[in-house]
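Residue-level listing of the chains:
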Amino acid sequence: MSAQRINGKEVSEQIREDLKAEVEQLQAKGIQPGLVVVLVGEDPASQVYVNSKAKACEQLGYYSEVHRLPADTTQADLLALIEKLNGDAKVHGILVQLPLPKHMDEKAVIDAIAYEKDVDGFHPHSVGNLMIGDESLLPCTPAGVIELIKRTGHEIRGKHAVVIGRSNIVGKPVAMLLLREDATVTICHSRTANIEEIARQADILVVATGRPKMVTKNFVKPGAIVIDVGVNRMENGKLAGDVDYDDVLETAGYITPVPGGVGPMTITMLMKNTLKAAKQINGIR
Ligand code: NDP
């Protein structure tokens, strides 16, 4: 039997509808969630992401600003802007679009964002809270992954989850979130031996390697939930995931397509984080 497709676009729209209702309630209290996106340089992919974020803000009635800075902006100028935004009461979320130009120290820039406004969830304070299980703003893509798994209607608790990839922005936080949901978690990476064998034990398989179509049916246990985080631009201009969708389709129980799976969830979770930050900053639970 063919795997059921997990439609990230649809789930994303449902969450945005829920957010709209919450925004109205906040607006009745005189609060408008505000998100600022800072883009340094002219990376074409980043431009697309930044435009989508601004559009999502508009759709949900958020206050939004986009700062487009030239590629030769100094780090001191960028830090000064962040400092200003940290103190701006209209702004509840600050996102600096990565990657930054080579002359900048990404870590220093992320560290400079007030953690209450760290809607990307990359600040060490947020990462630490995720690790110890305290309340924090969760990194958007990993949070989207968990949401999609939940939408299958299957419990995460007690399942064996295998995450392929250990980056700080996807693999590691996904693994921590799955652990928080009481899964038994195995993390694989480029040095893992017998990776196919390990992956085949997974009830839930999350793939974030940046290697197009790396995961074939040999990695997949029949009936498993397969979440493909990968976004790779192929030579023909089309997008492909890290999972070979067609090959895995008859083996998996559920699968996310690329595009239309995890991708749309990332911006939606960013919107959710901005709303959460607006509430927290204003002392609303
Ligand atoms: P990174 O390059 O930072 O990390 C890739 C990870 O995959 C590393 O841990 C690496 O292992 C591991 N890896 C690479 N090759 C193999 C292999 N052959 N076998 C096993 N593990 C391997 O990538 P990101 O985590 O930033 O991104 C992963 C993918 O997710 C990309 O396609 C990216 O475009 C996509 N992405 C999508 C987002 C979305 O919104 N949908 C958001 C963010 C990313 P090691 O540590 O040993 O090098």
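Scope of this entry: the structure provided in the associated data block.

Analysis parameters
- Residues numbered from 1 in each chain as written.
- Predicted model: local features only at pLDDT ≥ 70, side-chain atom pairs only at ≥ 80, totals over all residues.
- Heavy atoms only, no water.
- Pairing = 2+ DSSP bridges.
- Helix = DSSP H or I, 4+ residues; strand = E, 2+ residues; numbered from the N terminus.
- Near = heavy atom within 4 Å.
- Polar contact = N/O pair within 3.5 Å; in protein donor to acceptor, adjacent residues only side chain to side chain.
- Areas by Shrake-Rupley, 256 points an atom, 1.4 Å probe, with all protein chains shown as cover.
- 1 Å grid on protein atoms, 1.4 Å probe; cavity = no way out; pocket = protein on both sides within 12 Å on 5 of 7 lines; lining within 4 Å.
- Sits in = over half its atoms within 2 Å of the grid points.
- Nonpolar A, V, L, I, M, F, W, Y, C, P; charged D, E, K, R; others polar.
- Core = buried A, V, L, I, M, F, W, Y, C linked by side-chain atoms within 4.5 Å.
- Buried < 20%, exposed > 50% of the residue type's maximum accessible area, 1.4 Å probe, protein only.
- Contact = heavy atoms within 4.5 Å.
- Right-handed = clockwise from strand over helix to strand, strands pointing away.
- Points joined across faces, edges and corners; volume = space filled by probe spheres on them.
- Axes fitted to C-alpha atoms, helices over the stretch in contact; angles between N-to-C directions.
- Disulfide = S-S within 2.5 Å.

As a further point, take the sheet that holds strand β6 (residues 184–188). On the basis of which strands lie adjacent, the open sheet formed by 6 strands has the order β1-β11-β8-β7-β5-β6 and parallel pairing. Single-partner strands in this sheet number two, and they are β1 (4–5) and β6. Here strand β8 (residues 225–228) pairs with strand β11 (residues 254–255) via 2 bridges, running parallel. The residue bridging Val226 from the neighbouring strand is Ile255, located in β11.

Turning our attention to the site of the ligand. Around the ligand sit 23 residues in total, of which Arg166, Ser167, Ser190, Val231 and Thr266 are the nearest. Ser190 has a polar side-chain atom sitting 2.5 Å from an oxygen atom of the ligand. For the ligand, an oxygen atom lies 3.5 Å from a polar atom in the backbone of Ala208. Relative to its free-state accessible area of 930 Å², the ligand is covered by the protein chains to the extent of 70%. Among the detected pockets, the ligand sits in the largest pocket. Looking at the shell around the ligand element by element, the count peaks at 3 residues for helix α10 (residues 262–281). The class makeup of the residues in the shell around the ligand is 9 nonpolar, 11 polar and 3 charged.

If you look at the biggest cluster of nonpolar residues, it comprises 53 residues, and the most contacted ones within it are Tyr62, Val145, Ile149, Leu178, Val206, Ile227 and Met271. Once residues lying within four places of it in the same chain are set aside, the contact partners of Leu178 are Ile146, Ile149, Ile156, Ala161, Val163, Ala183, Val185 and Val206. Core analysis: the next-biggest nonpolar cluster, separate from the first, contains 19 residues, Ala3, Ile164, Ala199 and Ala252 among them.

Turning next to the pairing of strand β2 (residues 34–40). Burial analysis of β2 places 7 of its 7 residues in the buried class, the great majority of the element. In this sheet, strand β3 (residues 63–69) lies alongside β2 in parallel orientation, the contact comprising 7 bridges. Across the sheet, the residue bridging to Val37 is Val66, located in β3. Considered for its hand, the β-α-β crossover made up of β2, helix α2 (residues 44–60) and β3 is right-handed. Looking at chain direction, β2 and strand β4 (residues 93–96) are connected through 4 bridges and run parallel. Pairing of Leu35 across the sheet is with Gly93, part of β4.

The next point concerns empty space enclosed by the protein. What the rule picks out here adds up to 1 cavity of 30 Å³ or more. Here the largest cavity is characterised by a volume of approximately 50 Å³. Residue lining of the largest cavity: Ile94, Leu95, Val96, Ile110, Ile113, Asp118, Asp120 and Phe122, and that is the complete set. A per-element tally of the lining of the largest cavity places β4 first, with 3 residues.

Okay, the sheet that holds β4 next. The strand order across the open sheet built from 3 strands is β3-β2-β4, with neighbouring strands paired in parallel fashion. Each having just a single partner strand, β3 and β4 make up the two edges of the open sheet. The mean inter-strand angle of the sheet, taken between neighbouring strand axes irrespective of direction, is 15 degrees. In the packing of α10 onto the sheet, contacts are made with β2 and β4, and the angle to β2 comes to roughly 125 degrees.

Cis rather than trans, the peptide bond between Leu98 and Pro99 has omega equal to 0 degrees. Within the secondary structure, Pro99 is located in the loop between β4 and α4 (106–112). Omega for the peptide link from Val258 to Pro259 comes to 0 degrees, which places this bond in the cis form. Position of Pro259 among the secondary structure elements: in the loop between β11 and α10. In this structure, Lys213 takes a positive phi of about 55 degrees despite not being glycine.

Scanning all chains against the criterion turns up 0 disulfides. Take Cys57: it sits in no disulfide, and the sulfur closest to it among the cysteines is that of Cys140, at 12 Å.

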